[in-house]
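# Fold and contact review
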Amino acid sequence: MEKLFQIHLLISIIFSILIVILCNEYSFSSLNTTYIMEARKRFMSIDPTKLPKPPMPSYTLTIYNLDLFEKSKFKNYDSLLESRLANCQARANHLASILENGSGISVNGTLVKPHDERESKGAREKVTGTTTTYLVGQYVAFFALGTEQVKSYLVIDTGSDLVWWQCGPCYKNGCYKQKNNPLYISTNSKTYGKLDCLVESRNCEITHKEYECSPYGNTCIYDYKYVDGTRTRGVIAHDVITFVLDQKQVSIVFGCGKDQTHGKAFSGQYSGIAGLGRRVIGGGNSLPSQFEADIMSMCLPGALSPKGSTLSFHTTPFKKTTSATLVQDFRFASAYFVNLYKVFINNREVPMFPSFSRNFGNYATRGSSIVDTGTFITRFPKDFYTVFSYTFRLQVRGIPMIDVPPGSVYDTCYKVNTTGPDPHFPVVKMYFGSESPNNLLLLAQQRVMLYINGVFCLAFMPWDQNIALIGSNQLQGIGLTFDTAANTLSFDLDACN
């Protein structure tokens, strides 16, 4: 009897050890399919005109998912998602051309396509299935413009340096119809004034072909053409934005957009674009540069979130326990680069390739990555992605992988019974700088898998660049603190979910 007890005890110990080993080896997370389906229905039924617009203190703005405003164009959430993916592909193609031809592109060029710019091979590839009219950004911020505090939504974009909005009186038939907010009229604002391009030459970069200093009244004229064919023309000017809670007014330089209709149509859901590119000391037209803000913090609302979140300057409400080092490339002074050190699927490391490296002038950094809120899906260099997706497939247990149709943007998809038990998929661990808990960004659930057309697909993609592109789907719900004085980007997981 005692011998039988010892055998039973030994079996229990072995079983316990196996459990520990398995738990360490596999770090699966479950996806609540019922919640996802119900959240989609709620999202598509939201009336964007009834979104709360709480008054914000100084240097704080409310941000929303742009899809809340765009969804009325689509018959269901899947068609909305397909459009977003096509938009993401076009933006990635353009960023690829910028990286390949970077020596001739301006600081503002991360989103701007000069008229004689050569596209990369990727940028010439056809993007199928797109019905969208917008290309830049996935989120909008709520602004109060001029002395009349005209309520406006502007797309926010970490990949852009210019702030502009539609500005009446417009050129003849020059302004598109805004659906959610009235048109800003410069002559109604007592604080409006055109920029003198001789006196304030740093805000009218005449060495760049998008700007011109006119000898008639020293007016700074700009003409920006985006890669999707949209275009804005006007004059560089000054006016105030108001932070409603304490009625603090801050004067900023902006593009007074007089003509936005002589190109592909912009979406009428927003009034313009607010560039959030990295602060440039002594210059630059992005909001961090103009606010002289070393700290910018935001929490991107989840893809299915009907709620707003915050964008703040100078301060952050988020924890900074997990951080990546911001690496600066002066060829792209307004971009946010980080050093991705290692990637794991569960606890299985995905090996880095020598090609996964970028030269930053005097040195090269392995695992270089751009953080871009305007890109939806994260992209890895092709050779790295091939091993990444293969490793992911090996880690999935008990869920049938399906054959994707030719031409699909995804290559790793699984069929799940949405009325059955919740599926468990591997987690993705991204270490920045070193393999330390203080440098770990843990991605799980909808940051790893995307539900589209009845299947779950791996929410990462390959591209032809030697650098990673970290997009908003992986960053949704995470409190982000960009600190350009300390050169850190900090992550506060689930800060606004």
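Please refer to the structure placed before this passage.
Here is what the cut-offs are and how they apply
Counting from 1, residues in each chain are numbered in the order their sequence is written. Only residues with pLDDT of 70 or above have their local features reported here, since the model is predicted, and side-chain atom pairs are shown and tallied only from 80 upward, although totals for entire chains, interfaces and linings are computed over all residues. With hydrogens and water set aside, each side-chain value is computed from the structure's full complement of heavy atoms. Under the scheme used here, helices are H or I runs from DSSP no shorter than 4 residues and strands are E runs no shorter than 2 residues, and both carry numbers assigned from the N terminus. A simple rule labels every residue: compare its accessible area, found with a 1.4 Å probe on the protein chains alone, to the largest value its type can have, and call it buried under 20%, exposed over 50%, or partly exposed in between. Every residue pair with non-hydrogen atoms within 4.5 Å of one another is taken to be in contact. Each accessible area is a Shrake-Rupley estimate made with a 1.4 Å probe; only the visible protein chains count as cover when residues are assessed. Nine residue types can take part in a nonpolar core, namely buried Ala, Val, Leu, Ile, Met, Phe, Trp, Tyr and Cys, and a core is a set of them joined through side-chain atoms within 4.5 Å. Each residue after the first adds 1.5 Å to the expected span of a helix. The directions from the helix axis to the C-beta atoms form the arc being described. Of the two site types, the cavity is a set of points on a 1 Å grid over the protein atoms alone where a 1.4 Å probe fits but cannot get out, and the pocket is an open set with protein on both sides within 12 Å along at least five of seven lines, each lined by residues with an atom within 4 Å of a point. Grid points are joined across faces, edges and corners, and a volume is the space filled by probe spheres set on the points. Note that Gly is not counted as nonpolar here; it falls among the polar residues with everything else outside the nonpolar set of Ala, Val, Leu, Ile, Met, Phe, Trp, Tyr, Cys and Pro and the charged set of Asp, Glu, Lys and Arg. For the purposes of this analysis, a disulfide is any pair of cysteine sulfur atoms at a distance within 2.5 Å. For Phe, Tyr and Trp, rings pair up if their centres lie within 6.5 Å, where Trp contributes its six-membered ring, and each pair is then called stacked (planes under 30 degrees apart), edge-to-face (over 60) or tilted (otherwise). Between any two strands, at least two bridges found by DSSP are needed for them to pair. Here a polar contact is recorded for every N or O atom pair within 3.5 Å, except that within protein the pair must consist of a potential hydrogen donor and a potential acceptor, and residues adjacent in sequence are included only if both atoms are side-chain atoms.

### With respect to the overall build of the protein chain
- Counting its secondary structure elements, the protein chain contains 8 helices and 31 strands.
- For the protein chain, with 497 residues in total, the buried portion stands at 57%.
- At a minimum sequence separation of 6, the contacts of the protein chain that also span at least 24 residues come to 70%.
- Total accessible area computed for the protein chain in this model is approximately 20,800 Å², and 55% of it derives from carbon and sulfur atoms.

### Topic: the nonpolar core
- Counting residues in hydrophobic clusters, the biggest one holds 120 residues, and the most contacted among them are Phe291, Phe313, Phe380, Phe388 and Phe425.
- In terms of residue count, strand S3 (residues 139-145) provides more of this core than any other element does, 6 residues in total.
- Discounting chain neighbours no more than four positions away, the residues touching Phe425 are Phe28, Ser29, Leu31, Phe392, Val396, Ile399, Tyr414, Val416, Met449 and Phe456.
- Leu95, Val327, Phe332 and Phe337 belong to the second largest nonpolar core, which has 13 residues in total.

### A few points about helix H7 (residues 382-395)
- Here H7 spans 20 Å end to end across 14 residues, near enough to the 20 Å set by a 1.5 Å rise per residue.
- Within H7, burial applies to Phe384, Tyr385, Phe388, Ser389, Thr391, Phe392 and Gln395. Summarising the axial view, the buried residues of H7 lie within an arc of 160°, below the 170-degree limit, and thus occupy one face.

### Focus on empty space enclosed by the protein
- Scanning the model with the defined rule gives 5 cavities of 30 Å³ or more in all.
- For the second largest cavity, the calculated volume is near 90 Å³.
- Taken together, Ile36, Arg40, Tyr77, Arg84, Ala303, Leu304, Gln446, Met449, Leu450, Tyr451, Asn473 and Gln476 make up the full set of residues lining the second largest cavity.
- Of all the elements, strand S26 (residues 449-452) adds the most residues to the lining of the second largest cavity, at 3 residues.
- Here the lining of the second largest cavity is built from residues that sort into 7 nonpolar, 3 polar and 2 charged.

### Examining the environment of Phe456
- Relative to the elements of secondary structure, Phe456 occurs in strand S27 (residues 455-458).
- For Phe456, a relative accessible area of 1% puts it in the buried group.
- Spatially, the C-alpha atoms of Phe456 and Lys415 are 6.5 Å apart, while their sequence positions differ by 41 residues.

### Description of the state of the cysteines
- This model, assessed by the stated rule, comprises 6 disulfides.
- With its sulfur 2.2 Å from that of its partner, Cys299 forms a disulfide with Cys496. The sign of the -90° torsion about the S-S bond sets the Cys299-Cys496 disulfide as left-handed. Of this pair, Cys299 sits in strand S12 (residues 295-299) while Cys496 sits in the segment after strand S31 (488-492), placing them 197 residues apart in sequence.
- Assessed through its relative accessible area of 0%, Cys299 is described here as buried.
- Between Cys413 and Cys457 runs a disulfide, and the two sulfur atoms are separated by 2.0 Å. The disulfide joining Cys413 to Cys457 has a torsion of about 105° about its S-S bond and is therefore right-handed. Of the two residues, Cys413 sits in strand S22 (residues 413-415) while Cys457 sits in strand S27, which places them 44 residues apart along the sequence.

### A few points about the packing of aromatic side chains
- Taken as a whole and judged by the stated rule, the model has 29 aromatic pairs.
- Where Phe384 meets Phe388, the ring centres are 6.2 Å apart and the plane angle is 25°; that geometry is what we call stacked. Taken together, the residues span about one helical turn, with Phe384 and Phe388 both in helix H7 at a distance of 4 residues. Like Phe388, Phe384 is buried.
- For the pair Tyr414 and Phe425, a centre-to-centre distance of 5.6 Å together with 55° between the ring planes defines the contact as tilted. Of this pair, Tyr414 sits in strand S22 while Phe425 sits in strand S23 (residues 424-425), and the two are 11 residues apart along the sequence.

### Concerning the sheet that holds S26
- Strand order in the open sheet formed by 4 strands is S21-S22-S27-S26, with antiparallel pairing between adjacent strands. Each edge of the open sheet is held by one strand with a lone partner, namely strand S21 (401-402) and S26.
- Taken together, the 3 bridges between S22 and S27 define a ladder with antiparallel strand orientation. Residue pairing across strands places Cys413 opposite Cys457, the latter belonging to S27.

### Section: the side chain of Arg279
- Topologically, Arg279 is positioned in the loop between strand S11 (272-275) and helix H6 (287-290).
- There is a polar contact of 3.5 Å between the side chain of Arg279 and the backbone oxygen of Glu292.
- Every residue in contact with Arg279, bar those within four places of it in the chain, is listed here: Pro288, Ser289, Glu292, Ala293, Asp294, Tyr336 and Thr484.

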